[in-house]
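The primary structure of each chain is shown beneath.
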Amino acid sequence: MEQMQIPFHFPVSARCWLVPAWLAIVSVAGCASAPSVETQAPPASTVGANLTRAGSIDVEYSQKFARWVLEFSTTARAAGIDEATLRSAFDDVHFIPRVIELDSAQPEFTRTVWDYLDSALSTRRIARGRDKLLQLRPVVEPIAARYGVPAEVLVAIWGMESNFGSNVGDIPTIDALATLGFEGRREQWARDQLLAALRILQNRDIDRAQMMGSWAGAMGQTQFLPSNFLAYAVDADADGRRDIWNSLADVMASTANFLASSGWQVGQPWGVEVRLPPDFDYARADANLRQPTTQWMDEGVQTMDGAPLPALADSSILLPAGARGPAFLVGPNFRTILRYNNSTSYALAVGLLAQQLAGGPATQAPWPRDLQLLSRSQLLALQTALKERGFDTGTPDGMMGPATQRGVRRYQRSLGLPADGYPTLDLLQRLQ
């Protein structure tokens, strides 16, 4: 969808010749006296008129945006951002209403893990990933060896984040973060990320026009937030710039560095699909319950093909679709992928995609495709009903979390059902 952008031209320098042309009439009077930086902000009424002509927010709102940008510029200057960088970032900054819309939107229905994986692990993506892996081995394999992260994992993340570099996002990072910071729901987070983005510009790793990404400020072919870029981006091609937009060597090395720095265990798999024994206590399928694979073996957990379980010191059982779906034994590297993107479906997709890029199998157990996930309003009703019956789920909010899972498990136990903590329409109907 085309992004509607409301232009907000905002000079942050005291140099009069940098004032944008459309502001010349209202600013020229101040040029002779070399006004201070603070007086370079255009009159709020002028900014408001410009914003309204471009398409759509009221004057008062635009005045507030003008003041926010001015205030943030002062903060950034005090933090060491130079005038050239501030001019580059904010002389033509845009407020993007669509960013606020996307940040605030809460879809009524969640997506099932199998629907997510159907898309993430499509035949086309797997085939394309194998082709990319073959083409890029001279680039990726030395990086994989240096950081201890398999090439298949790096290519899988690349595929998940930008469809192998074909979709890096089309929203200017500065504009997105300024919009989020001004809106205020996550102001401190957005201010921190915007300051990090300014440091990237000041370091000359990328120029403003090429600093593009998602509506949430994630950038480049593997979607780094600016703060993560500063911490983990690598100049692998030694051209003096860390370029995760255009340099595949930098993209792969930066991603590998993030994973290695976040706890990747060399030589360990992310996990493996397993078969659970008939008497398995599904309440033990909990991310916080970790134990050696030898103990899981003693409890009757097996791989699908009967091979030994991988040697993992602190592994847990994952049931992404409850007791009726596939089961996985996951270890530290699965949790490291979660640090990249804190979504179980995402981490599972990366692991399974990497597995198939390496010639391994797809998921073998069937998904319970007849199950209907609860909408947010239905989940809220479930939480409320459970709490009324004494099964604490925390504060009902329509969002699935550990407290809700624990409450569902206790209710399932009371009914003699497998206590997998998975909310279903059947459970809601029982409660109602």
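Everything below is about the structure printed above this text.
Computed from a prediction, not measured in an experiment: that's the story for all the values here.

**Considerations on the pairing of strand 5 (residues 271–275)**
Looking at chain direction, strand 5 and strand 8 (residues 327–330) are connected through four bridges and run antiparallel. For Val274, the partnering residue across the bridge sits in strand 8 and is Ala327. As judged from the two bridges shared by strand 5 and strand 6 (residues 302–303), these two strands associate in the antiparallel manner. Within strand 6, the position partnered with Arg275 by the bridge is Gln302.

**Digging into the side chain of Thr112**
Tracing the backbone through its elements, the reader meets Thr112 in the loop between helix 5 (97–104) and helix 6 (113–120). Residue classification places Thr112 among the buried residues on the basis of a relative accessible area of 7%. Polar contacts involving the side chain of Thr112 include one to the side chain of Asp115, which spans 3.0 Å.

**Structural notes on the packing of aromatic side chains**
The tally for this structure, following the rule as stated, stands at 17 aromatic pairs. Ring centres 6.2 Å apart and planes at 35 degrees place the aromatic pair Trp270 and Phe334 in the tilted group. One end of the pair, Trp270, is in the loop between helix 13 (248–261) and strand 5; the other, Phe334, is in helix 15 (residues 332–340), with 64 residues separating them in the sequence. With a relative accessible area of 8%, Trp270 lands in the buried category. With a centroid separation of 5.4 Å and 70 degrees between ring planes, the pair formed by Phe391 and Tyr411 is classed as edge-to-face. Of the two residues, Phe391 is situated in the loop between helix 17 (376–388) and helix 18 (402–414) and Tyr411 in helix 18; the sequence distance between them amounts to 20 residues. We classify Phe391 as buried; its relative accessible area is 16%. The buried category is assigned to Tyr411, whose relative accessible area is 4%.

Thresholds applied
- Each chain has its residues counted from 1, running along the sequence as written.
- Reporting of local features is limited, given that this is a predicted model, to residues whose pLDDT is at least 70; pairs of side-chain atoms are given and counted only at 80 or more, and all residues count toward the totals for whole chains, interfaces and linings.
- Think of the side-chain values as coming from all heavy atoms in the structure, minus any hydrogens and water.
- In this description, strands pair whenever DSSP reports at least two bridges between them.
- Counting from the N terminus, the helices are the DSSP runs of H or I reaching at least four residues and the strands are the DSSP runs of E reaching at least two.
- Burial classes: relative accessible area under 20% of the type maximum marks a residue as buried, over 50% as exposed, and values in between as partly exposed (1.4 Å probe, protein chains only).
- Polar contacts here mean pairs of N or O atoms no more than 3.5 Å apart (in protein, one a potential hydrogen donor and the other a potential acceptor; neighbouring residues in sequence count only if both atoms are side-chain atoms).
- Geometry of aromatic contacts follows a simple scheme: Phe, Tyr and Trp rings, the Trp one being its six-membered ring, pair when their centres are within 6.5 Å, and the pair is stacked under 30 degrees between planes, edge-to-face over 60, tilted otherwise.

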